[in-house]
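# Results of the structural survey
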Amino acid sequence: MIPRQADAIIVGGGIMGAATAFFLRQHGMSVILLERDLLGQAASGVNFGNVRRQGRFLPQLPLANRSREIWGQLPELLGEDVEFLPSGHLRLAFREADAAQLEAYARDARPYGLELELISHNALRERFPFLSPEVVMASYSPVDGHGQSAARRPGLRPRRPPRRRHGAGEHGSPGHRQAR
Ligand SMILES: Cc1cc2nc3c(=O)[nH]c(=O)nc-3n(C[C@H](O)[C@H](O)[C@H](O)COP(=O)(O)OP(=O)(O)OC[C@H]3O[C@@H](n4cnc5c(N)ncnc54)[C@H](O)[C@@H]3O)c2cc1C
């Protein structure tokens, strides 16, 4: 029978509702999560997956820092691979005035615990040779990155790496997805 009472009732099974339900359960509360369709079907299942802190409104950074910490813990917390990759995040300036803004932001973000590296001139070309020569400065956040929003979408689950059989080659494709 479907329970009709709980400590908390949450409306909406996107990442906000599902995460709230998850953590309330971890604190021992009973939860009813109401979703009108499928969990993760809306924005939470189709976004770009960027886990980015730089550029955010500064007073929002403590929350963003906490969120970034949780992204790093998700495999242990969920027992699922959401393919979070801390590949780094670049913000680019194409004009000197924009470069000054990047510098100001890096200075102001430091007290909030966000360390940004400002890179320009030859160092920029050496480290990121794929960037346009029009870029005058980059602000680099080394531990931000992206997760896989499709991993949270109904019907799609990351395929586990194939179990190696005796004598099998090295060419598994764990990154591919399959519908269930
Ligand atoms: C194209 C795109 C790209 C994005 N890229 C990024 C990104 O790179 N990085 C980033 O951090 N964010 C990104 N976002 C934003 C991010 O996806 C959203 O902020 C986040 O998913 C919102 O989560 P949510 O749980 O609040 O909402 P949703 O995922 O929209 O979930 C709301 C749920 O509530 C349900 N619902 C609504 N009303 C009712 C009701 N009355 N009864 C029952 N259920 C109901 C809906 O069916 C839905 O499942 C992007 C968004 C989009 C659209």
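Below: a short report on this structure. Please read these numbers as outputs of a predicted model, since none were measured by experiment.

## Re the overall build of the protein chain
Within the protein chain, the regular secondary structure consists of five helices and nine strands. Ordered by position in the sequence, the α and β elements of the protein chain form the string β-α-β-α-β-α-β-α-β-α-β-β-β-β. The buried share among the 180 residues of the protein chain stands at 13%. For the protein chain, long-range pairs separated by at least 24 residues make up 63% of all intrachain contacts whose partners lie at least 6 apart in sequence.

## Focus: the site of the ligand
In the vicinity of the ligand there are 20 residues, among which Gly12, Gly14, Ser44, Asn47 and Asn50 approach most closely. Elements that contribute at least two residues to the shell around the ligand include exactly helix 1 (15-26) and helix 2 (43-46). Taken together, the residues that form the shell around the ligand break down as eight nonpolar, nine polar and three charged.

## So, helix 1
An ideal rise of 1.5 Å per residue puts 16 Å on twelve residues; helix 1 measures up with 16 Å between its terminal C-alpha atoms. Where helix 1 terminates, the next one or two residues include glycine 28, which has phi positive at roughly 85 degrees.

## Remarks on helix 3 (residues 61-78)
Taking 1.5 Å per residue, 18 residues should reach 26 Å; helix 3 reaches 24 Å between its end C-alpha atoms and fits that length. Glycine 79 sits one or two residues past helix 3 and shows a positive phi near 70 degrees.

## So, the nonpolar core
If you look at the biggest cluster of nonpolar residues, it comprises six residues: Ala93, Leu102, Ile119, Leu124, Met137 and Ala138. Those residues in contact with isoleucine 119, other than ones at most four positions away along the chain, are Leu124, Arg127, Ala138 and Tyr140.

## Concerning the pairing of strand 6 (residues 137-141)
For strand 6, the tally of buried residues reaches four of five residues, placing the bulk of the element in the interior. Where strand 4 (residues 89-93) meets strand 6, five bridges bridge the pair, whose relative direction is antiparallel. When the bridges of strand 6 are listed, leucine 90 appears paired with tyrosine 140.

## Focus: the sheet that holds strand 4
Read across the open sheet, the three strands follow the order 4-6-5; overall the sheet is antiparallel. Edge positions in the sheet fall to strand 4 and strand 5 (117-120), since each has one partner strand and no second. With direction set aside, neighbouring strand axes in the sheet form an average angle of 25 degrees. The strands that helix 4 (residues 96-109) touches are strand 4, strand 5 and strand 6; relative to strand 6, the one it contacts most, it runs at about 25 degrees.

## Some words on unusual backbone geometry
With a phi close to 55 degrees, glutamate 83 is a non-glycine residue in the positive phi region. Counting through the fold element by element, glutamate 83 comes out in the loop between helix 3 and strand 4.

## Topic: the environment of glutamate 115
Relative to the helices and strands, glutamate 115 resides in the loop between helix 4 and strand 5. Sequence separation between glutamate 115 and serine 141 is 26 residues, and the spatial gap between their C-alpha atoms is 6.9 Å.

## With respect to the environment of glutamine 54
Structurally, glutamine 54 can be placed in the loop between strand 3 (50-51) and helix 3. With 90 residues separating them along the chain, glutamine 54 and aspartate 144 place their C-alpha atoms 8.8 Å apart. Leaving out residues up to four positions away in the same chain, glutamine 54 has contacts with His89, Arg91, Ala109, Leu114, Leu116, Ser139 and Ser141.

Conventions adopted
Residues numbered from 1 in each chain as written. Predicted model: local features only at pLDDT ≥ 70, side-chain atom pairs only at ≥ 80, totals over all residues. Helix = DSSP H or I, 4+ residues; strand = E, 2+ residues; numbered from the N terminus. Buried ≥ 20, exposed ≤ 12 C-beta atoms within 10 Å, placed from the backbone. Contact = placed C-beta atoms within 7 Å. Near = placed C-beta within 6 Å. Nonpolar A, V, L, I, M, F, W, Y, C, P; charged D, E, K, R; others polar. Expected span 1.5 Å × (residues − 1). Core = buried A, V, L, I, M, F, W, Y, C linked by C-beta atoms within 7 Å. Pairing = 2+ DSSP bridges. Axes fitted to C-alpha atoms, helices over the stretch in contact; angles between N-to-C directions.

Honestly, that's just the spatial picture; any functional story needs more than this.
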